[in-house]
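Working through the structure, step by step
Okay, here's what each chain looks like letter by letter:
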Amino acid sequence: MKFRSLASVAALALAGVAAAGTAEARDQIRIVGSSTVYPFTTAVAEQFARAGLGKAPVVESTGTGGGMKLFCAGVGTDHPDATNASRRIKKSEFEDCRKNGVTDIIELKVGFDGLTVANSKAGPDFDLTKEQLFLALAKEVPGPDGKLVPNPYRSWSDIDKTLPNEKIEVLGPPPTSGTRDSFLELVMEPGAEKVLADLKKSNPNAFAVAWKTIREDGAYIDAGENDNLIVQKLDANPQAVGIFGYSFLEENAAKIKGAKIDGVAPNFDTIAEGEYSVSRPLYVYFKKQHIGVVPGLDKFIAEYVSEKALGEDGYLSRKGLVPLPADELARVREDVKEQKPLSADAGL
């Protein structure tokens, strides 16, 4: 029995050496997460490689929720080094990370993005309110007697005669997407507050279900995590409308146009100045425990927060990222430079 015990210890020691060898073998940074943040992180990865700082990192578009699951699954080179996120990490995700040994997370807030509702330039112009968007996309809406009924609206003009007489056909992100989370919180919830004010007072739980539940009758189409694919579909179908981040609207301005929401059009200035209400911060999360294990991770982070990347005239702003105010960017840079880990009491 004693011999078997010693043999087991020896086997574990050898396994540890093998694991360390695997850690040293990976010489390429791996990043997962949000499709919205993907083009920005990809641009940094390309610059990182061009500058000779290391191999170009592998950046995968898995969606914010999917990226968080991969990121929080554990520490070590079998797991991603970073994840892009089009919303802040949730408390439940942070706790899941800690449970799996991911205890030191560096949060990088990279800038702002406007969540856009867009369609082909060959299609009609849209000037929508959040209330109208809720009525177009909620699974249940108030009927004639005020009680919730399955959504009866088939065309935009059914909701309001001033809207285009076009079929409601919206291509949008799946439940795993941070863009979906943001759309629910920034559009559907405030829209529902106007439509279902009484329900919110009388039954908050039923109200929450109402604004969080998107219709499933074909009017809303889960278009996956590839925002470029949504743009292609809009270009091919002028009657359809898509939901994605502002950078994709800017990059494809020759083909598509953004709808006004509550009277304000999405553009760089309206998002930067806070006039466009459907805007959100974007993030990248890094594992501090992987710095010094995966070669170049510290240099990649430094490139991301550099003036040439995140500055007002940096290459990321030219790709559609709305930069942070100078004082906030200075704080972010200082925290990242110090490799300050995110704490449980950070208001998640």
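Residues numbered from 1 in each chain as written. Predicted model: local features only at pLDDT ≥ 70, side-chain atom pairs only at ≥ 80, totals over all residues. Heavy atoms only, no water.

For the chain, the count of helices and strands is 15 helices and 13 strands. The burial tally for the chain puts 49% of its 348 residues in the buried class. Within the chain, contacts between residues separated by at least 24 positions form 74% of all contacts whose residues are at least 6 apart in sequence. Surface summary for the chain: the accessible area is close to 16,000 Å², and the carbon and sulfur share equals 52%. Charged side chains in the chain number 42 positive and 49 negative. The centres of these two groups are separated by 5 Å. (Helix = DSSP H or I, 4+ residues; strand = E, 2+ residues; numbered from the N terminus. Buried < 20%, exposed > 50% of the residue type's maximum accessible area, 1.4 Å probe, protein only. Contact = heavy atoms within 4.5 Å. Areas by Shrake-Rupley, 256 points an atom, 1.4 Å probe, with all protein chains shown as cover. Lys, Arg positive; Asp, Glu negative; His and termini not counted. Charge placed at Lys NZ, Arg CZ, Asp CG, Glu CD.)

Another aspect to go through is the packing of helix α2 (residues 38-50) against helix α13 (residues 297-304). Two elements in contact, α2 and α13, have axes whose closest approach is 10 Å; the angle formed by their N-to-C orientations is 115°. The way α2 lies across α13 gives a crossing that is right-handed. Residues F40, T41, V44, A45, Q47 and F48 of α2 lie in contact with α13, whose contacting residues are K299, F300, E303 and Y304. Class assignment for the residues of the contact of α2 with α13 results in six nonpolar, two polar and two charged. (Axes fitted to C-alpha atoms, helices over the stretch in contact; angles between N-to-C directions. Left-handed = near helix turned anticlockwise from the far one by under 90°. Nonpolar A, V, L, I, M, F, W, Y, C, P; charged D, E, K, R; others polar.)

Turning our eyes to something else, we now look at the packing of helix α5 (residues 130-137) against helix α7 (residues 178-195). In the contact formed by α5 and α7, the axes pass within 7 Å of each other and the chain directions differ by 95°. Classified by the angle between their axes, α5 and α7 sit roughly perpendicular to one another. Between α5 and α7, the contacting residues are K130, E131, L133, F134, L135 and L137 on the first element and F183, L186, V187, M188, P190, G191, A192, K194 and V195 on the second. Of the residues that constitute the contact of α5 with α7, the class distribution is 11 nonpolar, one polar and three charged. (Parallel < 35°, antiparallel > 145°, perpendicular 65-115°, else oblique.)

Looking at soluble globular proteins, one finds that nonpolar side chains tend to be buried together. Grouped together as the largest cluster of nonpolar side chains are 50 residues, with contacts concentrated most on V117, F134, L137, W156 and F244. Among all residues touching V117, those that are not within four sequence positions of it are L128, L133, F183, V241, G242, I243, K257, G258, A259 and I261. With 32 residues, the next largest nonpolar core counts F48, L108, V294 and L321 among its residues. (Core = buried A, V, L, I, M, F, W, Y, C linked by side-chain atoms within 4.5 Å.)

Of all residues in the chain, 93% attain a pLDDT of 70 or more, and the chain-wide mean is 90. In the model, residues 1-24 has pLDDT below 50 throughout and makes three contacts with residues more than four positions away in sequence or in other chains. (pLDDT = per-residue confidence, 0-100.)

On to the state of the cysteines, then. Applying the stated criterion across every chain, the model contains one disulfide. A sulfur-sulfur distance of 2.0 Å marks the disulfide that ties C72 to C97. The chirality of the disulfide connecting C72 with C97 is left-handed, given an S-S dihedral of about -70°. Pair noted here: C72 is in the loop between α3 (64-71) and β3 (82-85) and C97 is in helix α4 (residues 91-99), with a separation of 25 residues, a long-range link. Accessibility assignment for this pair places C72 and C97 in one class, buried. (Disulfide = S-S within 2.5 Å.)

Taken domain by domain, the chain holds domain 1 (26-113 + 280-337) and domain 2 (114-279). With centres defined by C-alpha atoms, the gap from domain 1 to domain 2 works out at 28 Å. Each partner contributes to the interface: domain 1 provides 23 residues, whereas domain 2 provides 22 residues. Here domain 1 and domain 2 share an interface that buries about 1,500 Å² over both sides, 50% of which is from carbon and sulfur atoms. A per-residue breakdown of the area domain 1 buries against domain 2 is headed by D113, R280 and V322, which together make up 37% of the total. On the surface where domain 1 and domain 2 come into contact, there are three salt bridges. One can count 10 residue pairs in polar contact (both at pLDDT 80 or more) joining domain 1 with domain 2. Looking at the side of domain 1 that touches domain 2, the elements that each hand over two or more residues are α2, α3 and β4 (105-120). The biggest single contributor to the side of domain 1 that touches domain 2 is α3, with three residues. Among the residues making up the side of domain 1 that touches domain 2, the classes are represented as six nonpolar, 11 polar and six charged. (Domains from an automatic or database assignment. Buried area = accessible area lost by both parts, 1.4 Å probe. Salt bridge = Lys/Arg side-chain N within 4 Å of Asp/Glu carboxyl O. Polar contact = N/O pair within 3.5 Å; in protein donor to acceptor, adjacent residues only side chain to side chain.)

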